[in-house]
Amino acid sequence: MNLNKARFEISAASARDFPNVPWPEVAFVGRSNVGKSSFLNTITGQKKLAKISSTPGRTRTINFFNVEDKAHLVDLPGYGYAKVPKAMKEQWARLIESYLQTREQLKAAILLVDIRHPPTKDDVLMANWFQHSRAQPIVVATKADKLSRGQIPRHLAQVKKTLQLDCPYIVFFARDGEGKAEAVRMITEMLQGSGAAQ
Ligand code: GDP
């Protein structure tokens, strides 16, 4: 499976709009501005697949990207943006939670966190939802290029200690693509492994 073949398919505002096919899915979630769009663009080798947001917090929908009519990459709305009204935050939270906990096609869920700062309360809430999902969790720690090499292990340890997720952790640098090969390999394996088992 070639992630470079990913194409936008549909923006879903509710579960009714989710594609009704059994293809395996990998979903991506994180605080808005964490670097989720940059990560999606990097792993698919495309400049504009996911929009890099100039106005964070605006994307309310779940975006499905079709990979060769065999799998979906699923971009969940970013959370934690302070200026979004509370009712809307609750609506997104319900949409994300129900997706993570009920979507049968979901094989792996990728939580993106900013390696520079301890994970937020919302990141920890998301990690807890991951525990209740059938999907394999994977954590991607973004913006590692903004730290010195020497600082990375201490920051990564803080991320692991706060999230309490026993899963693979990938340190990612959008600028030079470090961490890309590992992420692509893991995501492809999740999508193909599950495909072969069915
Ligand atoms: P999203 O809201 O999570 O989709 O975040 P974006 O991908 O739009 O990124 C938010 C901002 O962070 C943009 O200005 C990006 O250029 C920047 N950014 C994203 N990833 C990285 C990274 O790994 N390193 C650095 N230095 N900047 C990044």
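For the structure, check the block above.
Residues numbered from 1 in each chain as written. Predicted model: local features only at pLDDT ≥ 70, side-chain atom pairs only at ≥ 80, totals over all residues. Heavy atoms only, no water.

**Some words on the overall build of the chain**
Looking only at helices and strands, the chain has 5 helices and 7 strands in total. When the elements of the chain are put in sequence order from the N terminus, they spell out β-β-α-β-β-α-β-α-β-α-β-α. Its C-alpha atoms give the chain a radius of gyration of 16 Å, near enough to 16 Å, the size a compact globule of 198 residues would have. Projecting the C-alpha coordinates of the chain onto the three principal axes gives extents of approximately 45 × 40 × 30 Å. Out of the 198 residues belonging to the chain, those deemed buried represent 50%. As presented, the chain carries roughly 10,000 Å² of accessible surface, and 50% of it is formed by carbon and sulfur atoms. (Helix = DSSP H or I, 4+ residues; strand = E, 2+ residues; numbered from the N terminus. Rg over C-alpha atoms; globule rule 2.2 N^0.38 Å. Buried < 20%, exposed > 50% of the residue type's maximum accessible area, 1.4 Å probe, protein only. Areas by Shrake-Rupley, 256 points an atom, 1.4 Å probe, with all protein chains shown as cover.)

**Brief notes about helix 2 (residues 86–102)**
A rise of 1.5 Å per residue sets the reference length of helix 2, with its 17 residues, at 24 Å; its end C-alpha atoms lie 24 Å apart and thus fit the reference within 8%. The set of residues buried in helix 2 consists of Trp92, Leu95, Ile96, Tyr99 and Leu100. Buried residues of helix 2, viewed axially, fall in a sector of 125°; they line one side. Facing away from the buried surface of helix 2 by more than 90 degrees, the exposed residues are Lys86, Ala87, Arg94 and Thr102. Buried residues along helix 2 sit in contact with strand 2 (25–30), strand 3 (62–67), strand 4 (71–75), strand 5 (106–114) and helix 3 (121–131). (Expected span 1.5 Å × (residues − 1). Arc of directions from axis to C-beta. Contact = heavy atoms within 4.5 Å.)

**As for the sheet that holds strand 5**
Strand pairing in a sheet takes place through backbone hydrogen bonds and is either antiparallel or parallel in direction. The strand order across the open sheet built from 7 strands is 1-3-4-2-5-6-7, with neighbouring strands paired in mixed fashion. The sheet terminates laterally at strand 1 (6–12) and strand 7 (169–171), the two strands that pair on one side only. With direction set aside, neighbouring strand axes in the sheet form an average angle of 25°. The pairing of strand 1 with strand 3 spans 6 bridges and is antiparallel. Among the inter-strand pairings, Arg7 is bridged to a residue of strand 3, identified as Asn66. (Pairing = 2+ DSSP bridges. Axes fitted to C-alpha atoms, helices over the stretch in contact; angles between N-to-C directions.)

**Here's the deal with the environment of Lys143**
Positionally, Lys143 belongs in the loop between strand 6 (136–142) and helix 4 (152–163). Between the alpha carbons of Lys143 and Arg116 there is a distance of 7.2 Å; along the sequence they are 27 residues apart. With residues near it in sequence (within four places) discarded, Lys143 still touches Asn33, Val34, Gly35, Asp114, Ile115, Arg116 and Phe172. At a separation of 2.9 Å, a polar atom in the side chain of Lys143 contacts the main-chain carbonyl oxygen of Asn33. (Polar contact = N/O pair within 3.5 Å; in protein donor to acceptor, adjacent residues only side chain to side chain.)

**Examining the site of the ligand**
Taken together, 15 residues lie near the ligand, and Asn33, Lys36, Ser37, Ser38 and Asp145 sit nearest. The backbone of Lys36 places a nitrogen or oxygen atom 2.8 Å from an oxygen atom of the ligand. At a separation of 2.7 Å, a nitrogen atom of the ligand approaches a polar side-chain atom of Asp145. In isolation the ligand offers 580 Å² of accessible surface; the protein chains occlude 79% of this area. Classifying every residue of the shell around the ligand by side-chain character gives 4 nonpolar, 6 polar and 5 charged. (Near = heavy atom within 4 Å. Nonpolar A, V, L, I, M, F, W, Y, C, P; charged D, E, K, R; others polar.)

**Side note on the packing of helix 2 against helix 3**
Between helix 2 and helix 3, whose axes approach to 9 Å, the crossing angle comes to 30°. When the axis of helix 2 is compared with that of helix 3, the two are roughly parallel. The element helix 2 and its partner helix 3 pack so that their crossing is right-handed. Judged by residue contacts, Ala93, Ile96, Glu97, Leu100 and Gln101 of helix 2 engage Met126, Trp129 and Phe130 from helix 3. In terms of residue class, the contact of helix 2 with helix 3 is made up of 6 nonpolar, 1 polar and 1 charged. (Parallel < 35°, antiparallel > 145°, perpendicular 65-115°, else oblique. Left-handed = near helix turned anticlockwise from the far one by under 90°.)

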